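Letter by letter, the chains look like this.
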Amino acid sequence: MEKTLLFKYFSRQASEEERREVRKWVEESPEHMEEFMQERRFFDATILLSDESEIEATPVKRNNKLIYTLSRIAAVVLITLGLSYLYNHVVNPVNIPMQTLTVPAGQQLNLTLSDGTNVWLNSQTKISYPAVFTGNDRRVSIDGEAYFKVSHDASKPFKVETCKGVVEVLGTTFNVEAYKNEDKFNVALLEGSVKIESNGDDYLLAPDQMASLNKDGTMHITQISDYNAYRWIDGIISLKNDRFELIMKKFEKYYGIKISIENKGVNENITYTGKFYQADGVQYALRVLQRDIRFTYDYDEE
């Protein structure tokens with residue numbers, strides 16, 4: 001698959017025919033999916049190191065910028081490795097400065113921490129982490145939603161701090177959703193084991209379990225019933241018996257837009273199940289919904 005076409009797909013500049021071509025290619029084999037994800041991670045890295053004018057550039061112009069951006073990424077990697085070497089072999093600093101990264105609305109980013117832990121960050125998520133992990137644990141903090149594949153280290157637990165609780169692991173795969181401006185606090189464990197500290201209580205999760213915070217501060221633990229909910233790391237928006245208002249809130253989150261529902265009656269007794277590729281855009285998703293739900297909408301480019 002041509003990288004230029006994949007870039008157009010990630011940046012939402014591809015036509016509907018081109019989007020179908022990319023999806024068909026991705027679904028042909030696991031190798032294609034792996035290549036797709038590698039290119040997606042590279043694209044995410046260019047967003048981190050590029051300004052808005054670069055992101056909106058045409059694909060032809062962007063090819064030259066990608067070469068320059070790649071050199072900047074390589075420089076960041078070399079600096080990180082250099083700092084790690086200096087810490088381990090030359091000095092023993094008392095305080096390691098924290099780095100903070102905020103994901104723009106409508107985007108997802110992939111990040112590898114200094115210990116090898118892989119993190120996917122969802123739209124409007126903020127993460128703070130040290131350049132090098134020191135002390136007796138590995139600690140990061142998030143405001144938003146993140147999917148972690150933690151590198152195993154029995155001597156250093158990995159801790160994720162949120163506004164509603166702390167998740168502690170040794171090496172595992174899990175999803176955390178904890179936006180400060182929302183009531184939800186969900187932890188879903190896919191592999192390994194985790195301990196959750198919340199409101200003075202500890203909760204242990206086994207694989208395929210999910211913990212949700214109740215309004216009274218207690219934790220509700222259930223079996224995971226739908227793994228599609230965590231496919232946002234693949235650029236897929238999954239809906240399962242979601243009410244119309246919740247669907248619109250998800251679209252706001254994933255597309256970085258504001259949606260106002262003028263007719264409140266459209267919410268009543270309406271649910272929908274399905275999947276959307278985020279790169280297809282919100283107007284495509286709304287047109288698909290219109291096949292099953294009766295509503296009209298106006299779209300303002302501003």
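Located above this text is the structure these notes cover.
Residues numbered from 1 in each chain as written. Predicted model: local features only at pLDDT ≥ 70, side-chain atom pairs only at ≥ 80, totals over all residues. Heavy atoms only, no water.

Q: Just checking my understanding: could you explain the packing of aromatic side chains for this structure?
A: Note on aromatic pairs: each is described by the distance of the centres and the angle between the planes. For the structure shown, the criterion picks out nine aromatic pairs. Seen from their ring centres, Y9 and F36 are 6.0 Å apart, and the 75 degrees between their planes marks the pair as edge-to-face. In this pair, Y9 is assigned in helix α1 (residues 3-10) and F36 in helix α3 (residues 30-48), connecting sequence segments 27 residues apart. Relative accessible area serves as the criterion here: at 6%, F36 is assigned to the buried category. Site record: aromatic cluster; members linked through ring pairs are F133, F148, F158 and F174. (Phe/Tyr/Trp six-rings, centres within 6.5 Å; stacked < 30°, edge-to-face > 60°. Helix = DSSP H or I, 4+ residues; strand = E, 2+ residues; numbered from the N terminus. Buried < 20%, exposed > 50% of the residue type's maximum accessible area, 1.4 Å probe, protein only.)

Q: What should I look at first to understand α1 in this one?
A: Residue pairs three or four apart in sequence face the same way in an α-helix, which turns once every 3.6 residues. Within α1, six of the eight residues are buried, leaving the element largely enclosed by the surrounding structure. R12 sits one or two positions beyond α1 and adopts a positive phi of about 65 degrees.

Q: What exactly am I supposed to notice about the packing of helix α6 (residues 244-255) against helix α7 (residues 282-289) here?
A: Between two packed helices, what matters for the description is the angle formed by their axes and the separation of those axes. Across the interface, α6 lies against α7 with an axial gap of 11 Å and an inter-helix angle of 160 degrees. Between α6 and α7, the angle falls in the class roughly antiparallel. The element α6 and its partner α7 pack so that their crossing is right-handed. On α7, the residues that touch I247, M248, F251 and Y255 of α6 are V282, A285, L286 and L289. Classifying every residue of the contact of α6 with α7 by side-chain character gives eight nonpolar, no polar and no charged. (Axes fitted to C-alpha atoms, helices over the stretch in contact; angles between N-to-C directions. Parallel < 35°, antiparallel > 145°, perpendicular 65-115°, else oblique. Left-handed = near helix turned anticlockwise from the far one by under 90°. Contact = heavy atoms within 4.5 Å. Nonpolar A, V, L, I, M, F, W, Y, C, P; charged D, E, K, R; others polar.)

Q: What is the right way to look at the environment of W25 in this model?
A: Here W25 lies in helix α2 (residues 16-26). By relative accessible area, W25 is classed as buried at 9%. Along the chain, W25 and F36 lie eleven residues apart, while their C-alpha atoms are 9.3 Å from each other. Non-local contacts of W25, meaning those with residues more than four positions away in its chain, are made with M1, L6, H32, E35 and F36.

Q: Can you walk me through the side chain of K164 in this structure?
A: Structurally, K164 is set in the loop between β6 (158-161) and β7 (166-169). Look at K164: it is buried, it has no salt bridge, and the nearest opposite charge is D183 at 6.1 Å. A distance of 3.0 Å separates a polar side-chain atom of K164 from the backbone oxygen of Y179. The residues touching K164, leaving out its near neighbours within four places in the chain, are Y179, K180, E182, D183, K184, F185, S198 and L213. (Lys, Arg positive; Asp, Glu negative; His and termini not counted. Salt bridge = Lys/Arg side-chain N within 4 Å of Asp/Glu carboxyl O. Polar contact = N/O pair within 3.5 Å; in protein donor to acceptor, adjacent residues only side chain to side chain.)

Q: Before we go on, may I ask you to explain α2 in this structure?
A: Those residues of α2 that fall on the buried side of the exposure criterion are R19, V22, R23, W25 and V26. The arc enclosing the buried residues of α2, seen along the axis, measures out at 160 degrees, which places them on a common side. Across from the buried face of α2, at angles greater than 90 degrees, the exposed residues are E17 and K24. (Arc of directions from axis to C-beta.)

Q: Mind showing me how you'd approach the environment of Q283 here?
A: Relative to the helices and strands, Q283 is located in helix α7. Taking C-alpha positions, Q283 is 9.6 Å from Y297, a pair spaced 14 residues apart along the chain. Once residues within four sequence positions are removed from consideration, Q283 is found in contact with Y297 and Y299.

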